[in-house]
Amino acid sequence: MKSVTERVKKTIDALKQNNFAAYYVDKKEEVCDVVKTLLAEGEKVACGGSVSLQQAKVIDLLKSGKYVFLDRSVARNDQEKNDIMLQGLMCDTYFCSSNAVTVNGELYNVDGNSNRVASILYGPKSVIMVVGINKIVDNIKQAEIRVKTIAAPLNTRRLNCNTYCAETGKCVSCNNHDSEIPGGCRGDGRICCNYVISARQRVKDRIKVILVGEDLGY
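The topology assignment puts Thr93 in strand S4 (residues 93-96). With relative accessibility at 2%, the residue Thr93 sits in the buried group. Polar contacts involving the side chain of Thr93 include one to the side chain of Glu43, which spans 2.7 Å. Residues in contact with Thr93, not counting those within four places in the same chain, are Leu39, Glu43, Lys44, Val45, Ala46, Ser126 and Ile128.

Spelled out as structure tokens, the structure:
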């Protein structure tokens, strides 16, 4: 951890105390080197949709032929895509990012289809998250705000979803300061349908968080 800040160090220590494995690299170009140490050739791997994984070239690594990659991007129709996502629940290692990580060592994730949060919770033997330092927040409330004002609006635009946040840059619930966490629009394109807070991992080190000392993803 060459240039790790006190804030990042505190986050890493807290993650470990909560039974998450935690790693740190300065740059996204170093992520794949860590990933290679956590995978065996021939493993069955899958991933959620993630800009962070793309930026860190993890997707390229999974497509290298060294692993059995359940790649939903090659699906020819929605049924085939769904079948691949279901298979991902039983893979050896599942890859994703996290919408937010608190300095208290908690993971905060919000999903629409929810195959990603399902895999985080149960199924794959191992989960590897690649997370930029831009996603570190002080607490769950800040994580909620981050999703509603940054992650959800940017991802709905990326996915061409017709939602209030895609149009305005923030969740409709932000207009109501008394709104609870699940507040949001009722559009068919809504991507914040299920909310998961991972406070502790019962199976020690099943979830592995690679923190990167630069901004990644949304």
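Turning our eyes to something else, we now look at the pairing of strand S10 (residues 207-212). With 6 of 6 residues buried, S10 lies mostly within the body of the structure. Taking every second residue as pointing to the same face, both faces of S10 are buried, with Ile207, Val209 and Leu211 on one and Lys208, Ile210 and Val212 on the other. When strand S1 (residues 21-25) meets S10, the two strands line up parallel, connected through 5 bridges. For Ala21, the partnering residue across the bridge sits in S10 and is Lys208. In this sheet, S10 lies alongside strand S7 (residues 126-132) in parallel orientation, the contact comprising 6 bridges.

Turning our eyes to something else, we now look at the pattern of salt bridges. Taken as a whole and assessed by the stated rule, the structure comprises 10 salt bridges. Asp71 is the partner of Lys63 in a salt bridge, and the nearest nitrogen-oxygen pair spans 3.9 Å. With relative accessibility at 48%, the residue Lys63 sits in the partly exposed group. Its relative accessible area of 14% is what places Asp71 among the buried residues.

Quick look at unusual backbone geometry now. When glycine is set aside, most residues are seen to have a negative phi, and most peptide bonds are trans. Unusually for a residue other than glycine, Asn160 sits at a positive phi of about 55°. As for its placement among the helices and strands, Asn160 is situated in the loop between helix H7 (140-158) and helix H8 (164-168). Asn160 gets classed as exposed once you look at its relative accessible area, which sits at 69%. Of note, the phi angle at Asp205 is positive, near 70°, even though the residue is not glycine.

The subject of this paragraph is the environment of Thr11. Mapped onto the secondary structure, Thr11 falls in helix H1 (residues 6-17). Residues Thr11 and Asn160, 149 residues apart in the sequence, show an inter-C-alpha distance of 33 Å. Leave out the neighbours within four places in its chain, and Thr11 touches Val101, Thr102, Val103, Gly105, Ile136 and Leu211.

Our next topic: H1. Under the 1.5 Å per step criterion, the end-to-end length of H1 is 16 Å for 12 residues, consistent within 8% with the ideal 16 Å. Taken residue by residue, H1 has Val8, Thr11, Ile12, Ala14 and Leu15 as its buried positions. Along the axis of H1, the buried positions cluster into a sector of 165°, meaning they face one direction only. Away from its buried face, by an angle of more than 90 degrees, H1 presents the exposed residues Glu6, Lys10 and Gln17.

What counts as what
- Residues numbered from 1 in each chain as written.
- Predicted model: local features only at pLDDT ≥ 70, side-chain atom pairs only at ≥ 80, totals over all residues.
- Heavy atoms only, no water.
- Helix = DSSP H or I, 4+ residues; strand = E, 2+ residues; numbered from the N terminus.
- Buried < 20%, exposed > 50% of the residue type's maximum accessible area, 1.4 Å probe, protein only.
- Polar contact = N/O pair within 3.5 Å; in protein donor to acceptor, adjacent residues only side chain to side chain.
- Contact = heavy atoms within 4.5 Å.
- Pairing = 2+ DSSP bridges.
- Salt bridge = Lys/Arg side-chain N within 4 Å of Asp/Glu carboxyl O.
- Expected span 1.5 Å × (residues − 1).
- Arc of directions from axis to C-beta.

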